[in-house]
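What the coordinates show
Listed below are the residues making up each chain.
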Amino acid sequence: GRVYPNDVSHGARGRRRAGAVAFYIPEVAYGTEAVVPKMNMIGRYLSVSSSSSSSGGPADIGPGGVSGLGLFTSPYLLPSPSRNRCELYGCHVALGFAILILRTGASLHDLSQTDVDIRINTDSMYASNLVDDTDRLTRWSEAKDRASFEFDGDGPANLANPDILFMIAKNRRRLMENDFFDEQGERGTISLGKSIRASFHYTNSHEFPKSGVTQSDLHNHAVSAAKAHFAMKSNARY
């Protein structure tokens, strides 16, 4: 996740800012024939080339699944963009995209006997420290709503961005409990897996295995997307 102007830019304080996140999906095991069209129809996500900042066109099915995606970017859509908030928001977006992919695959394949393990890697130590404890996420998800959610992790609550943290905890719980509506409006009718695990991990790897995608690629695309979102917001105001 990145913000523009960044936190150390001269004149950033007091200025309107915009944020964005970039993420990479290495492989999708089930439902690629339906996942790809859905990805291309989601307007706020942009499939971009892993080798340049230009648009890479629509997603496509690569060897072993949706491995030909390159990178995706998404604008930061919540209030008060900052580096930390964008980094944590990236975990929220990645989990939401994983849920979309899993639900699409489950609509085409019987996953009731399949063990599903969703692993989301982040290069943000800040975000990782907040979401890498699955027991704590489960406990936080028990809050009825945002108003009743009490942050009891390390550090002051106002620096933990509890509004985003609560969304992550709740969506992870919904995933684990299969608490979704199908196309007919019925809840929990499609099995997303025999057992489902979803966890977040910190990585300082400079390149993701077998992809050629680097952290620099992610950083550059997030910054470019933040600049584009900033320009769009500025043009909308004037």
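Each remark here, short or long, concerns the structure printed above.
Keep in mind it's a predicted model, so treat the numbers as computed, not measured.

**Thoughts on helix α5 (residues 162-176)**
The first and last C-alpha atoms of α5 sit 21 Å apart over 15 residues, in line with the 21 Å expected at 1.5 Å per residue. Of all the residues in α5, the buried ones are P162, I164, L165, F166, I168, A169, N171, R172 and L175. Buried residues along α5 sit in contact with α2 (83-106), β5 (115-122), α3 (125-131), α4 (134-140) and β6 (195-202). Positive backbone phi, approximately 55°, marks N178, located one or two places after α5.

**Notes on the packing of aromatic side chains**
For the structure on display, the rule yields 6 aromatic pairs. With 5.4 Å between their ring centres and 40° between their planes, W140 and F151 make a pair best called tilted. Of the two residues, W140 sits in helix α4 while F151 sits in the loop between α4 and α5, which places them 11 residues apart along the sequence. Residue F151 is classed as buried on the basis of its relative accessible area, which comes to 14%. One aromatic cluster in this structure is built from W140, F149, F151 and F166.

**Remarks on the pattern of salt bridges**
Per the counting criterion, the structure on display carries 6 salt bridges. A salt bridge links R85 to D163; the nearest nitrogen and oxygen atoms lie 2.9 Å apart. One end of the pair, R85, is in helix α2; the other, D163, is in helix α5, and 78 residues separate them in sequence. Given a relative accessible area of 9%, R85 falls into the buried group. Overall, the relative accessible area of 28% leaves D163 in the partly exposed class. It is possible to trace a salt-bridge network through shared partners that takes in R2, R83 and E87.

**Some details on the pairing of strand β2 (residues 18-24)**
Successive residues of a regular strand alternate their side chains across the two faces of the sheet. With respect to burial, β2 is a largely interior element, 7 of its 7 residues being buried. Burial along β2 is two-sided: the face carrying A18, A20, A22 and Y24 and the face carrying G19, V21 and F23 are both buried. Where strand β1 (residues 2-4) meets β2, 3 bridges bridge the pair, whose relative direction is antiparallel. Bridge pairing links V3 to G19 in β2.

**Points about the packing of α2 against α5**
It is at 9 Å that the axes of α2 and α5 come closest, and there the two elements cross at 20°. When the axis of α2 is compared with that of α5, the two are roughly parallel. α5 is crossed by α2, and the crossing has left-handed handedness. Across the interface between the two elements, R85, L88, Y89, C91, H92, L95, I99 and L102 of α2 pack against D163, I164, L165, M167, I168, N171, R172 and L175 of α5.

**Considering the side chain of R2**
Note on placement: R2 falls in strand β1. Engagement of the side chain of R2 in a polar contact is seen with the side chain of H219, the distance being 3.3 Å. If near-sequence neighbours (up to four positions away) are discounted, R2 is found in contact with A18, G19, A20, R83, C86, E87, H219, A222, V223 and A226.

Scoring rules and cut-offs
Residues numbered from 1 in each chain as written. Predicted model: local features only at pLDDT ≥ 70, side-chain atom pairs only at ≥ 80, totals over all residues. Heavy atoms only, no water. Helix = DSSP H or I, 4+ residues; strand = E, 2+ residues; numbered from the N terminus. Expected span 1.5 Å × (residues − 1). Buried < 20%, exposed > 50% of the residue type's maximum accessible area, 1.4 Å probe, protein only. Contact = heavy atoms within 4.5 Å. Phe/Tyr/Trp six-rings, centres within 6.5 Å; stacked < 30°, edge-to-face > 60°. Salt bridge = Lys/Arg side-chain N within 4 Å of Asp/Glu carboxyl O. Pairing = 2+ DSSP bridges. Axes fitted to C-alpha atoms, helices over the stretch in contact; angles between N-to-C directions. Parallel < 35°, antiparallel > 145°, perpendicular 65-115°, else oblique. Left-handed = near helix turned anticlockwise from the far one by under 90°. Polar contact = N/O pair within 3.5 Å; in protein donor to acceptor, adjacent residues only side chain to side chain.

Functional significance is not addressed by these values, which are geometric in nature.
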